Amino acid sequence: MRFRILGPTQVVLADGREVPVGGPRLRALLALLLLDAGRVVSAERLIDGLYGEHPPRGAVNALQSQVSRLRQALPADHDPVELHPAGYRLAVAPDEVDAYRFERLAEAGRRALADGDWHRAATVLREALELWRGPALADATGAAAQAARLDELRLTAVEDRVEADLALGADGALVAELRERVVAHPLRERLRGQLMRALTALGRPAEALAEFEEARHTLAEQLGVDPSAELAAVHVAVLRGAERPSAEATLPGQLTTFVGREEELKRVGELLGGRRLVTLTGPGGAGKTRLAIEAAGRADGEARLVELAGVADGSDVPQAVLSALGLRDAGLRAPAEPGRQTVDRLVEALAERRLLLVLDNCEHVLVDAARLAARLLSACPALRVLATSRESLGLAGEALCPLSGLAVPPLGTSALAADDYAAVGLFVQRAVDAAPDFTVTPANVEEVLRICRSLDGLPLAIELAAARLRALPVAEVAARLDDRFRLLSTGSRAVPPRHRTLRAVVEWSWDLLDDAERKVARRLTVFAGGATLEAAGRVCDLPTAEFVDALTGLVDKSFVEMAGGRYRMLETVRAFCAERLAEAGEADRLRRAHTAYFLEFAWAASDHLRCAEQLHWLRRLDAERDNLHAALRRATAAGDASDAAGMVAALSFYWWLRGMRGEGARLAADVLDLLGTEAPPGLSEEFALCVYNASLAGSGHLPSVGTQSSVIRSLDRPPRQPFLLYLSGISTGPPAGGADDVDELLGELRRLVGPGDEWVNALGAMGSGSALMWSNDWDRAGTALATALDGFRSTGDRWGTMITLGALGELAAWQGDPEAAAAHMDEAMGLVEALGSAVDQADMLRTRGEIRLRAGDLAAAHDDFAGALLLAQRSGAPEFVASARLGLAQVARGRGDLAEARRLCEEALAGGLTGWYVGEAARAEIILALAEITKAEQAGARPSADGA
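Residues numbered from 1 in each chain as written. Predicted model: local features only at pLDDT ≥ 70, side-chain atom pairs only at ≥ 80, totals over all residues. Heavy atoms only, no water.

Summing up its helical and strand segments, the protein chain has 44 helices and 13 strands in all. Burial status across the protein chain gives 52% buried among its 948 residues. Excluding contacts between residues fewer than 6 apart, the proportion of contacts in the protein chain whose partners are at least 24 apart in sequence is 68%. In the form shown here, the protein chain has an accessible surface area of approximately 41700 Å², with 52% of it arising from carbon and sulfur atoms. (Helix = DSSP H or I, 4+ residues; strand = E, 2+ residues; numbered from the N terminus. Buried < 20%, exposed > 50% of the residue type's maximum accessible area, 1.4 Å probe, protein only. Contact = heavy atoms within 4.5 Å. Areas by Shrake-Rupley, 256 points an atom, 1.4 Å probe, with all protein chains shown as cover.)

Laid out in structure tokens, this is it:
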């Protein structure tokens, strides 16, 4: 069925037959329900609409009776009236109601009008207006407000349709229609202005001027006001003969849909509402022009686009604006007045005109564009300017809206969730244009995400990549992005040359840089993940003033982005500038400078990781992680053994604190391939740390560095990385002689570093205490661990404090003091959360689980082991995955579920626990647990003495 309320209420079947609804009250009830088609309408609202302010007694029953009658009036197989606890609902789709269809079509027509698609706008708006058969809601006298809203929308749609007709060419019939409408609505200034424009277009300017005088008189007499600025602007245009050609589009129509940028579009709209100069800045290909056109199309009033990319000389900017406005320097019969400038003509034409002027691609004529904008804005109070440029115009009162790439999904995003991100949405839309059967699936989602991320979400680059799907599978496009400038070399022939290829986009910006800016731009490409001002200045190696000026220019020109105190390039810009670095013959020198800076930084940060500034320096290392690892990989690839091994040594404690043991192990193993099987001269400490780090991932056969004692004795200087002592114990195991050997080892270390190093002393005391615990010498263990705790607290090292508290918690549990154990573990858990290490959190949860298991709290122990397992799996820590499963197995065994206990132990053994001491220790514990499970299974399987 179709329902009509734009006129008398009607119900029409699919074959065109009208269903008689009944009397006025029944038709009013149906109309009120149709106003909220598909939604529940409360009984109170329906009673108000039917009976007004004075409903009869028993109005609720009367309403129920009316609803029942309405159900009977509608066909039995189409009973859409539903009863709900909150009221009644008409279960029909909104598009089955003419009012909803009208609003949808009117909005579509308005958008087509804004896009300059006059034919579509006129067609759609006529279709919308043909739905009307009389006054809206003619049968629902209680819905006056809704009827007034619909009538206003109808009149606005008429005005929009007239606007489209004017653009297509005015004729006598349109003038006649407008005269009738002006008589019916004498205070509608838009209709009056349209009539004036139609008359002018037909060569009847005198009549147009008379209409203005009539409007002035009517407004003064009835409202006591003057004509609006918009109507006054039409009047001035008629006087000057400058009314624009009727079929000329104010903004270019777009061939593709607008994707993403909703937040930016909203921001531009808000800025244009309160500011007169707004500039969209950003790198080439970010979609500044498209966003500006979309924003201008949604803004109130007239908008004009001035394309400046083709203007070769800045002095031609005023003429480009004049041409875009459809104006001439002089009349057809008279030359321009001597001394009269083009800018003067523009000021005269725009003095009272309400207009949004879009100055597109200002970057190469920036000074002249800014000068013209300043002159026009100061002389034309109704003018607003929306500019696009790779740098700001630099004028007072200018509001900036920076653009970068579209939002890209994070790693691990599913195929279902990927479409929620604008970059993926754009890629999919354009991909379907090239390959109609393309969809994002679990099989190709990673390739799609890689494309969008590698291209920084830049709309132009994404569109160029999507176009390649005409000839290449998506996996091939993703695989070839390392040579992106060759891959993305074919774009639309309809766009300007600078936007046809990815290289052309970047070259357009590169050509606008001065020599110093180009030098800094190419040198910044050695950084990975951005750079601080200090790092960029040191590595780029230019005089300070010259460097700062050049870097500022690069930021201003959207060649470099600055956020959070860091400077970074989009990957596409970086790839282009890296080519320029190689052409300049500077690549190797800049690589070495980059490595030297970050090696120095890594050592400085490592020293601060053992003190109260630990968290601050962890954050600084996190920010530079990409640079640090890039420097390490480059040094390894270049054969710089000393730098590569030094970087592994400097980063060892950081890797441990951040739970990056797998990645650190792989990087260290690559350096070991460079170093060989023995420590090169002067690199004993670095070599040992490479071996220890590599062992953490169970990396096959590794060179031997001997015992902890032999490593310490081999050093001819204090270790730059005191964490060496702990890492060696984790990798090779504690000394065979227990606490005595630990003390001897500590003595060897003090011989090198001196007795006053609090951190080394605390680490030694912690090692002694742990060894004494395992020797069951609990009193001495407690004393040693208390000493270690005091030492770590005095240095401010949260990590050392945390692991010592964990050991004290275990000791208290062994000694039968669960309250002390819980207090130690609670403090340790607080510290591990502050450090943000998932691996250490897994370790602390496992430790607390063992304490709770010993106390017999199986449920709490299970929760801790399950949490530890989840964190360890996410962090890629096989030793803690195995230990957590072992803990869960012990819980299952305590509950009598031997089959589950065996399954968990067998899963724990399959986790790659080889190559280093802690892994081997965990393996031994699991094998022992399996033996005990087997014994329990056998005991349970023996027949009882009576043979039962």
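Having seen the structure, we can now continue with the description.
Time to look at the packing of aromatic side chains. Any two aromatic rings considered together are summarised by their centre-to-centre distance and by the angle between their planes. One pass over the full model with this rule turns up 16 aromatic pairs. Judged by centre distance (6.1 Å) and plane angle (80 degrees), the ring pair of Phe527 and Phe598 falls under edge-to-face. Residue Phe527 is located in the loop between helix H23 (515–523) and helix H24 (533–540), and its partner Phe598 is located in helix H27 (residues 587–608); the two are separated by 71 residues in the primary sequence. Between Phe653 and Trp799, the aromatic rings sit 5.3 Å apart at their centres with planes inclined by 80 degrees, giving edge-to-face as the arrangement. (Phe/Tyr/Trp six-rings, centres within 6.5 Å; stacked < 30°, edge-to-face > 60°.)

Next up on the list: the pairing of strand E7 (residues 277–281). Counting buried positions along E7 yields five of five residues, so the element is predominantly enclosed. Burial of E7 is two-sided: the residues Leu277, Thr279 and Thr281 facing one way and the residues Val278 and Leu280 facing the other way are all buried. Of the pairings in the sheet, the one linking E7 to strand E10 (residues 383–389) comprises five bridges and is parallel in character. The partner of Thr279 across the bridge, within E10, is Ala387. In this sheet, strand E11 (residues 399–402) lies alongside E7 in parallel orientation, the contact comprising four bridges. The residue of E11 that forms the bridge with Thr281 is Pro402. (Pairing = 2+ DSSP bridges.)

The next point concerns helix H31 (residues 661–675). Two residues of an α-helix separated by three or four positions point the same way, owing to the 3.6 residues in each turn. In this model, H31 (15 residues) spans 20 Å end to end at C-alpha, consistent with the 21 Å of a helix rising 1.5 Å per residue. Taken together, the buried positions of H31 are Arg661, Gly664, Ala665, Leu667, Ala668, Ala669, Val671, Leu672 and Leu675. Contacts made by the buried residues of H31 are with helix H29 (625–638), helix H30 (641–657), helix H32 (684–695), helix H40 (838–854) and helix H42 (878–894). (Expected span 1.5 Å × (residues − 1).)

Another aspect to go through is helix H6 (residues 144–168). When the terminal C-alpha atoms of H6 are compared, their 36 Å separation across 25 residues agrees well with the 36 Å that a helix rising 1.5 Å per residue should span. Positioned one or two residues after H6, Gly169 has a phi angle of 120 degrees, which is positive.

The next point concerns the packing of helix H5 (residues 118–129) against H6. Across the interface, H5 lies against H6 with an axial gap of 9 Å and an inter-helix angle of 150 degrees. Judged by the inter-axis angle, H5 sits roughly antiparallel to H6. Crossing hand, H5 versus H6: left-handed. Contacts from Trp118, His119, Ala121, Ala122, Leu125, Arg126 and Leu129 in H5 reach Arg154, Ala157, Val158, Asp160, Arg161, Ala164, Asp165, Ala167 and Leu168 in H6. A breakdown of the residues in the contact of H5 with H6 according to their chemical character gives ten nonpolar, one polar and five charged. (Axes fitted to C-alpha atoms, helices over the stretch in contact; angles between N-to-C directions. Parallel < 35°, antiparallel > 145°, perpendicular 65-115°, else oblique. Left-handed = near helix turned anticlockwise from the far one by under 90°. Nonpolar A, V, L, I, M, F, W, Y, C, P; charged D, E, K, R; others polar.)

The next point concerns the packing of helix H41 (residues 858–875) against H42. Contact geometry for H41 and H42: axes closest at 8 Å, N-to-C directions at 155 degrees. In terms of orientation, H41 lies roughly antiparallel with respect to H42. Of the two elements, H41 crosses H42, and the hand of that crossing is left-handed. Contacts between H41 and H42 involve Leu858, Ala861, His862, Phe865, Ala866, Ala868, Leu869, Ala872 and Gln873 from the first element and Phe880, Val881, Ala884, Arg885, Gly887, Leu888, Val891 and Gly894 from the second. Looking at the contact of H41 with H42 residue by residue, the class counts come to twelve nonpolar, four polar and one charged.

What follows covers unusual backbone geometry. Positive phi outside glycine occurs at Leu137, with the angle close to 55 degrees. Within the secondary structure layout, Leu137 lies in the loop between H5 and H6. Given the relative accessible area of 3%, Leu137 is considered buried. The backbone of Asp541 sits at a positive phi, close to 55 degrees, despite the residue not being glycine.

Turning next to empty space enclosed by the protein. Evaluation of the coordinates by the stated rule reveals four cavities of 30 Å³ or more. In this structure, the second largest cavity occupies an estimated 80 Å³ of space. Lining of the second largest cavity is provided by twelve residues; of these, Pro283, Gly284, Val506, Ser509 and Val573 occupy positions nearest its centre. No other element matches helix H22 (residues 502–510), which puts three residues into the lining of the second largest cavity. Class assignment of the residues belonging to the lining of the second largest cavity gives a composition of six nonpolar, four polar and two charged. (1 Å grid on protein atoms, 1.4 Å probe; cavity = no way out; pocket = protein on both sides within 12 Å on 5 of 7 lines; lining within 4 Å. Points joined across faces, edges and corners; volume = space filled by probe spheres on them.)

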